[in-house]
Amino acid sequence: MTNVSNVLAPVEALPDEVDSQKRQWLQAFHPPVQRVAAPQVQEPVSPESIVADFIRQHSASGQLVARSVFLQPPYSVPEDDLCALLDALCQDAKNADITRVQGAEDVYFYSTQTMTANYAGMCVQVVENDICRAIAEAVRFDGRTYPRPYKVAMLMQPPYSFDSQQIAAALTAMETHPDYADIRTVESSNAEPYLFSERFMSYGKAYGLCEWLEVEQYQNP
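Residues numbered from 1 in each chain as written. Predicted model: local features only at pLDDT ≥ 70, side-chain atom pairs only at ≥ 80, totals over all residues. Heavy atoms only, no water.

As annotated in an unreviewed UniProt entry, the protein carries the name YdhW family putative oxidoreductase system protein and is attributed to Citrobacter arsenatis.

As structure tokens, this is what we get:
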């Protein structure tokens, strides 16, 4: 059997091959190569990129962009052109952050760079003025995610910004609506109202948590 070492005999260095250390020394004598900056070529602005930037600006300010906006003045984009434009936008890898959420009345667009899917869902309910659903979804999200009861006063903060009369009217309507049968009220000993979903916690757990949040954590810091 042939030994590999006999086949791969030592190869002498080629006479014109420069030692690596000397190569570096020689290169220091080479005149510097003048590098010519390549002309910058600007890509043409596409309709997709214009719409994407429009959506990103609205998302950064906490707003959705409804599809119907583009059909109305001052844009007045024809329906067929809008379908093609939005399809191309959603398939463009450069605009992968642009996504859509389906509402009951329209389709809405937002950028995931500055808005989460949960926040976009809350904005849809506010835009479509579905207060009962907005309250129920907020309560269920907190119960499912953390879990914890939902402080009613938070409904007065963005993105909801409901006033006390709107909240009271919605809670009254929800008491008898079968879609919201899981939503219950609970109150801490300092009379701070909370809501919770029976899908995710019992009344006793909800009361214990809201009592801790409102009273006990300050007594036992």
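Draft legend 1. Up close: the layout of surface pockets. Of the pockets and cavities examined, the largest pocket occupies roughly 340 Å³. Around the largest pocket, the lining comprises 22 residues; the ones closest to its centre are Asn118, Met122, Ala138, Phe141 and Tyr160. Only strand 2 (98-102), helix 5 (117-127) and helix 6 (131-145) provide two or more residues apiece to the lining of the largest pocket. Here the residues of the lining of the largest pocket are counted per class, giving twelve nonpolar, six polar and four charged. (1 Å grid on protein atoms, 1.4 Å probe; cavity = no way out; pocket = protein on both sides within 12 Å on 5 of 7 lines; lining within 4 Å. Points joined across faces, edges and corners; volume = space filled by probe spheres on them. Helix = DSSP H or I, 4+ residues; strand = E, 2+ residues; numbered from the N terminus. Nonpolar A, V, L, I, M, F, W, Y, C, P; charged D, E, K, R; others polar.)

Draft legend 2. Up close: the pairing of strand 3 (residues 107-111). In terms of residue burial, strand 3 counts as a mostly covered element, since five of its five residues are buried. Burial of the side chains of strand 3 extends over both faces: Val107, Phe109 and Ser111 are buried on one face and Tyr108 and Tyr110 on the other. Pairing of strand 2 with strand 3 involves five bridges; the strand directions are antiparallel. Residue pairing across strands places isoleucine 98 opposite serine 111, the latter belonging to strand 3. Between strand 2 and strand 3, which follow one another and run antiparallel, lie four residues. (Buried < 20%, exposed > 50% of the residue type's maximum accessible area, 1.4 Å probe, protein only. Pairing = 2+ DSSP bridges.)

Draft legend 3. Region of interest: the sheet that holds strand 6 (residues 193-197). Across the sheet, which stays open at both edges, the three strands sit in the order 4-6-5 with antiparallel pairing between neighbours. Unpaired on one side and paired on the other, strand 4 (150-151) and strand 5 (183-187) mark the two borders of the sheet. Alignment of strand 4 against strand 6, held across two bridges, turns out to be antiparallel. What sits directly across from lysine 151, in strand 6, is tyrosine 194. Sheet contacts for helix 6: strand 4, strand 5 and strand 6; angle to strand 6, the most-contacted strand, approximately 75°. Most of the contacts of helix 8 (residues 203-219) go to strand 5, to which it runs at about 45°, and overall it touches strand 4, strand 5 and strand 6. (Contact = heavy atoms within 4.5 Å. Axes fitted to C-alpha atoms, helices over the stretch in contact; angles between N-to-C directions.)

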